[in-house]
Amino acid sequence: LWSVALGFALGLMVQVGFLTHHYALAEPLLGTAGAGWLVGATGLAGLLGRLLLARIIDGIDPRRYSMGIMALQAVALGAVAMAPVVPVLVPVSLVYGFCLGQITTLSPIVVRREFGAEAFGSVYGVAGTVIQFCSAFGPVFFGVLVTLLGGYAPVLGIAAGFEALALTVLWYGIPRRQGRTNG
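Residues numbered from 1 in each chain as written. Predicted model: local features only at pLDDT ≥ 70, side-chain atom pairs only at ≥ 80, totals over all residues. Heavy atoms only, no water.

*Asks:* Explain the pattern of salt bridges to me, please; I cannot follow it from the model alone.
*Replies:* Charged atoms that come close allow side chains of opposite charge to pair. Tallied over the full model, the rule gives 2 salt bridges. Taking the shortest distance from any N to any O, the salt bridge between Arg64 and Asp61 comes out at 3.2 Å. The class for Arg64 is partly exposed, based on a relative accessible area of 34%. A salt bridge links Arg63 to Glu114; its shortest N-O distance comes to 2.6 Å. A residue pair is termed long-range when its members are at least 10 positions apart, and Arg63 in helix α2 (residues 62-82) and Glu114 in helix α3 (residues 86-135) qualify at 51 residues. The exposure class of Arg63 is buried, given its relative accessible area of 1%. (Salt bridge = Lys/Arg side-chain N within 4 Å of Asp/Glu carboxyl O. Buried < 20%, exposed > 50% of the residue type's maximum accessible area, 1.4 Å probe, protein only. Helix = DSSP H or I, 4+ residues; strand = E, 2+ residues; numbered from the N terminus.)

Structure follows, in structure tokens:
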């Protein structure tokens, strides 16, 4: 329970923070109209990601898939942190968008698969509360760090680290019967 709650809480905190600050990050590089288009295209990529997830979810392990999506988000954020330029920002935003449509859907799927239908309501009630509470701090997390660090590049690097921490928490919660190995 706690690996799902904390892993997705960290991942969604970063995601909500990034999405809240996405326009402010893109506008200096793309202008007002370009940033608006990029934010809209990122949302469309999220829809496409969610549609893909709907087609494949029955045949995959949702916890491990979530870890892969979070790893992709960490790489995307790290890329923009290292090279905050248009040729990196645009494709990375689309990749990040593709992932965001899936992460919001995966936590209840993980809970349902691992705890069963009978326990879903009570277990996801707790997990969902933790996830939503923490994700609400994403915009503040980004805003305070941008103010303290003077720009988005270092904040995105820290956010990439939080995504890596989120997937690590999910990994440690893999039930032993599913074959997690230490080492």
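*Asks:* It is not clear to me how the packing of helix α1 (residues 2-56) against α2 should be interpreted in this structure. Could you clarify?
*Replies:* Two quantities define a packed helix pair, namely the angle between the helix axes and the distance between the axes. The contact between α1 and α2 brings their axes to 8 Å, and the two run at 25°. Taken as axis vectors, α1 and α2 run roughly parallel relative to one another. In terms of crossing hand, the pair formed by α1 and α2 is left-handed. Listed contacts from α2 to Ser3, Val4, Gly7, Phe8, Gly11, Val14, Gln15, Phe18, Leu25, Leu52, Leu53 and Ile56 of α1 are Arg63, Tyr65, Ser66, Met70, Gln73, Leu77 and Val80. Each residue belonging to the contact of α1 with α2 can be placed in one class, and the counts come to 12 nonpolar, 6 polar and 1 charged. (Axes fitted to C-alpha atoms, helices over the stretch in contact; angles between N-to-C directions. Parallel < 35°, antiparallel > 145°, perpendicular 65-115°, else oblique. Left-handed = near helix turned anticlockwise from the far one by under 90°. Contact = heavy atoms within 4.5 Å. Nonpolar A, V, L, I, M, F, W, Y, C, P; charged D, E, K, R; others polar.)

*Asks:* Is there a simple way to think about the nonpolar core in this case?
*Replies:* Taken as a class, soluble globular proteins show a tendency for nonpolar side chains to be buried jointly. Counting residues in hydrophobic clusters, the biggest one holds 26 residues, and the most contacted among them are Phe8, Met70, Ile103, Leu106, Val111 and Ile131. Going through the elements one at a time, α1, α2, α3 and α5 (152-172) are the ones with two or more residues in this core. In terms of residue count, the dominant contributor to this core is α3 (10 residues). Once residues within four sequence positions are removed from consideration, Phe8 is found in contact with Ser3, Ser66, Met70, Ile103, Leu106, Ser107, Val110, Ile131 and Leu170. If you look at the next biggest cluster of nonpolar residues, it comprises 24 residues, including Ala35, Val80, Leu145 and Leu156. (Core = buried A, V, L, I, M, F, W, Y, C linked by side-chain atoms within 4.5 Å.)

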